[in-house]
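So the chains spell out like this:
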Amino acid sequence: MSAYSSDLDLNVSDTTGNGVEVDVATNLLNGTVRLSVLWTQEIHLHPDDAERVAQSLLRAAEHGRHIAEARSSGADQSTGPSQ
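Residues numbered from 1 in each chain as written. Predicted model: local features only at pLDDT ≥ 70, side-chain atom pairs only at ≥ 80, totals over all residues. Heavy atoms only, no water.

> Quick question: what am I supposed to make of the confidence of the model for the protein chain here?
One rule of thumb: low pLDDT means the predicted coordinates there are not for detailed reading. When the pLDDT values of the protein chain are averaged, the result is 89; 89% of them are 70 or greater. Across residues 78-83 the pLDDT falls below 50, and counting only partners more than four positions away or on other chains, this stretch makes 0 contacts in the model. (pLDDT = per-residue confidence, 0-100. Contact = heavy atoms within 4.5 Å.)

> Looking at this structure, I do not really get the pairing of strand S3 (residues 33-38). What am I missing?
Successive residues of a regular strand alternate their side chains across the two faces of the sheet. By the bridge criterion, 6 bridges tie strand S2 (residues 21-27) to S3 in an arrangement that is antiparallel. From the neighbouring strand, glutamate 21 faces S3, where its bridge partner is leucine 38. The turn linking S2 back onto S3 is made up of 5 residues, and glycine 31 within it adopts a positive phi angle of 85°. (Pairing = 2+ DSSP bridges. Helix = DSSP H or I, 4+ residues; strand = E, 2+ residues; numbered from the N terminus.)

> Just checking my understanding: could you explain the pattern of salt bridges for this structure?
If you walk through the whole model with that rule in mind, you get 4 salt bridges. With its nearest N and O atoms 2.5 Å apart, the salt bridge here joins arginine 59 to aspartate 7. Of this pair, arginine 59 sits in helix H1 (residues 47-78) while aspartate 7 is found in the loop between strand S1 (4-6) and S2, placing the two residues 52 residues apart along the sequence. The partly exposed category is assigned to arginine 59, whose relative accessible area is 40%. Look at aspartate 7 and you get buried, because its relative accessible area is 16%. Here aspartate 49 makes a salt bridge to arginine 52, at a shortest N to O gap of 2.6 Å. You can see aspartate 49 and its partner arginine 52 sitting in helix H1, 3 residues apart, about one turn around the helix. Residue aspartate 49 is classed as buried on the basis of its relative accessible area, which comes to 11%. (Salt bridge = Lys/Arg side-chain N within 4 Å of Asp/Glu carboxyl O. Buried < 20%, exposed > 50% of the residue type's maximum accessible area, 1.4 Å probe, protein only.)

Structure representation (structure tokens):
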């Protein structure tokens, strides 16, 4: 089981038609965001696709913040009240 949750709304491929794809995923354990270019080291995007990747990264960042905040709130609650 992977700790990462990919953005299923993101469907972006290389403009050259070689099957290269982009994946944006959020780590559900700690909130970090992973940007992957699958099958190569670079990708060439149409401007609209580049914007879709940027929007996906923004969604993942927001999701990651919520996860990190929940983790830190849980950690704070487990230590009990401070005196």
